[in-house]
Amino acid sequence: MSIRNFTVVGAGQMGSGIAQVAAQSGFTVRLLDLEEAFVRKGMRGIDKYLFRQVEKGRLTETEKGEVLSRIRPTTDLAEAVRETDIVVEAVVENMEVKTDLFKKLDEKAPGHAILATNTSSLPITGIAAATQRPDHVIGMHFMNPVPVMKLVEVIRGLATSDNVFEAVEKLARDMGKHPVEVNDSPGFVSNRVLMPMINEAVYTVYEGVAEPEAVDEVMKLGMNHPMGPLTLADFIGLDTCLYIMETLYEGFGDPKYRPCPLLRKYVKAGWLGRKTGRGFYTYE
């Protein structure tokens, strides 16, 4: 199963990062979003990242231009998937939104095309059930920031075929990533392990055990983590952390996954972390 033409749906931080890495790996990429403004913002982010790489001597101006020329921004779904070999979806982490999108992708994409989701916690099998090609649906969970992080969780749904898994595993390697096979389960491996740690860090603040700075210093200096859990939560987005914790809590029914009330309070207040300028820390 050969993959040459690549479509990314969602031009946000994750989607634009995936599109950039695919283009740098030599693929022709269509970057799709609902509105022209969203696509332009995604392209500006890619251009800014590549400009920094040129400044650091890691790319030439010519190479930067070649990468950008391989990315074709669009707001037309039918055009974006007409000749695609794989679609990687990177839209909002909401099951209803994703299943509705996958129904449309199933109708418009060629029969051979693989439909992959970058979901960080939602069931691949449930997303696949919205299509007529569940054997061609798979999880391809990139880590943030995509151009930097090597890991990709490749998640089999219940019906995902071996051929599709092998093609996506090879694709991840062709993109310079390290694929790890994971079966379909709430939170997969990465967020099933990471999010309860973040949630417990929030509880230590909620219960007055320590201030955020102290919690992060303990984990950085004592456990050799490059970033403290509360700084990381702000980077990910507290709304995303809450959504994943709710997915884990619903999926397993285990109280150890119950989101901390302080996390809920911050999200209700609109304190979502870096993207809003305030979370556990304040940002310029």
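Residues numbered from 1 in each chain as written. Predicted model: local features only at pLDDT ≥ 70, side-chain atom pairs only at ≥ 80, totals over all residues. Heavy atoms only, no water.

## Description of the UniProt feature "site: Important for catalytic activity" (unreviewed entry) in the protein chain
To keep it simple, the criterion reads: UniProt positions are given in the numbering used here, feature names are shortened, and annotations may be inferred rather than shown by experiment. To qualify as a helix, a DSSP run of H or I must reach at least 4 residues; to qualify as a strand, a run of E must reach at least 2; elements of each kind are numbered from the N terminus. Between two residues, a contact is recorded if the distance between any of their heavy atoms is within 4.5 Å. Identification of polar contacts relies on pairs of N or O atoms within 3.5 Å, with a donor-acceptor requirement for protein atoms, meaning one able to donate a hydrogen and the other able to accept it, and with residues adjacent in sequence counted only if both atoms are side-chain atoms.
The sites that UniProt annotates as "site: Important for catalytic activity" (unreviewed entry) are His141. Considering the arrangement of structural elements, one finds His141 in strand β6 (residues 137–142). In contact with His141, other than residues within four places in its own chain, are Thr117, Asn118, Thr119, Ser120, Leu151, Val152, Glu153, Ile155, Phe188, Ser190 and Asn191. Here Glu153 takes part through its side chain, which lies 2.8 Å from a polar atom of the side chain of His141.

## Comments concerning the layout of surface pockets
In plain terms, the rule: Two kinds of site are reported from a 1 Å grid over the protein atoms alone, namely cavities, where a 1.4 Å probe fits but cannot get out, and pockets, open sets with protein on both sides within 12 Å along at least five of seven lines, and residues are called lining when an atom falls within 4 Å of a point. Grid points are joined across faces, edges and corners, and a volume is the space filled by probe spheres set on the points. Three residue categories are used. Nonpolar comprises Ala, Val, Leu, Ile, Met, Phe, Trp, Tyr, Cys and Pro, charged comprises Asp, Glu, Lys and Arg, and polar comprises the others, including Gly.
A volume near 230 Å³ is recorded for the second largest pocket. Lining the second largest pocket are 14 residues, with Val21, Gln24, Pro147, Met175 and Lys177 positioned closest to its centre. Going through the elements one at a time, α1 (13–24) and α2 (36–55) are the ones with two or more residues in the lining of the second largest pocket. The dominant element in the lining of the second largest pocket, judged by the number of residues it contributes, is α1, at three residues. Of the residues contributing to the lining of the second largest pocket, the split by class is six nonpolar, five polar and three charged.

## Quick notes on the nonpolar core
The following threshold applies: Working definition of a nonpolar core: buried Ala, Val, Leu, Ile, Met, Phe, Trp, Tyr and Cys residues. They are joined through side-chain atoms within 4.5 Å. Exposed residues in this analysis have more than 50% of their type's maximum accessible area, buried residues have under 20%, and partly exposed residues fall in between, with area computed by a 1.4 Å probe over protein chains only.
Counting residues in hydrophobic clusters, the biggest one holds 39 residues, and the most contacted among them are Phe6, Ile86, Met140, Phe142 and Met175. If near-sequence neighbours (up to four positions away) are discounted, Ile86 is found in contact with Ile3, Asn5, Phe6, Thr7, Ile114, Ala116, Val168 and Leu171. One finds Leu230, Ala233, Leu248 and Tyr257 within the second-largest nonpolar core, a separate group that totals 23 residues.

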